[in-house]
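A structural walkthrough
Take a look at the letters that make up each chain.
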Amino acid sequence: MPMNATDDRETTIPAGRDAEFTGLIRCKRCNLSYTPSKSTSALRLTYCSFLCELGDLGFSMQGLEHMERVKKTDEQPKEPVSAGTE
């Protein structure tokens, strides 16, 4: 009986690797499975990467954390000067 190339492969996942697959969840944007501990997103339990977070929300949580408020001034804005009049 000839040996098949698939005969020497294991068809079951070893018990040590089972724990690796139980922690997988799906990304809200791209629906791919990922491990939250390896996600580059600030919202690790929702998005697989920073790019999915940015694409879905339109901003990143890290960007919001570093954002500063613009102080309001009491002055009226100056009228724009036309390029042709001087």
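What follows deals with unusual backbone geometry. Positioned with a positive phi, Asn31 is a non-glycine residue whose angle comes to about 65°. Take Asn31: it is sitting in the loop between β1 (25-26) and β2 (33-34).

On average, residues of the chain carry a pLDDT of 75, and 59% of them reach 70 or more. Low pLDDT (under 50) marks residues 4-14, which in the prediction has 3 contacts with non-local residues, meaning those over four places away or in another chain.

You can see Glu53 is positioned in helix α2 (residues 50-57). Notably, Glu53 is buried but unbridged: the nearest opposite-charge side chain belongs to Arg44, and the N-O separation is 9.0 Å. Within polar-contact distance, the side chain of Glu53 engages the backbone nitrogen of Ala42 at 3.1 Å. If we ignore the near neighbours within four places in the chain, the residues touching Glu53 are Ser41, Ala42, Leu43, Tyr47, Gly58, Phe59, Ser60 and Met61.

Once that is clear, we can look at a nonpolar patch on the surface. There is a patch of nonpolar side chains on the surface, built from Leu57, Phe59, Leu64 and Met67 and spanning about 360 Å² of accessible area. Assignment of secondary structure puts Leu64 in helix α3 (residues 61-66). Given a relative accessible area of 38%, Leu64 falls into the partly exposed group.

Rules used in this analysis
- Residues numbered from 1 in each chain as written.
- Predicted model: local features only at pLDDT ≥ 70, side-chain atom pairs only at ≥ 80, totals over all residues.
- Heavy atoms only, no water.
- Helix = DSSP H or I, 4+ residues; strand = E, 2+ residues; numbered from the N terminus.
- pLDDT = per-residue confidence, 0-100.
- Contact = heavy atoms within 4.5 Å.
- Buried < 20%, exposed > 50% of the residue type's maximum accessible area, 1.4 Å probe, protein only.
- Lys, Arg positive; Asp, Glu negative; His and termini not counted.
- Salt bridge = Lys/Arg side-chain N within 4 Å of Asp/Glu carboxyl O.
- Polar contact = N/O pair within 3.5 Å; in protein donor to acceptor, adjacent residues only side chain to side chain.
- Patch = residues over 30% accessible without salt bridge, like charges linked within 9 Å, V, L, I, M, F, W, Y side chains within 5 Å.
- Areas by Shrake-Rupley, 256 points an atom, 1.4 Å probe, with all protein chains shown as cover.

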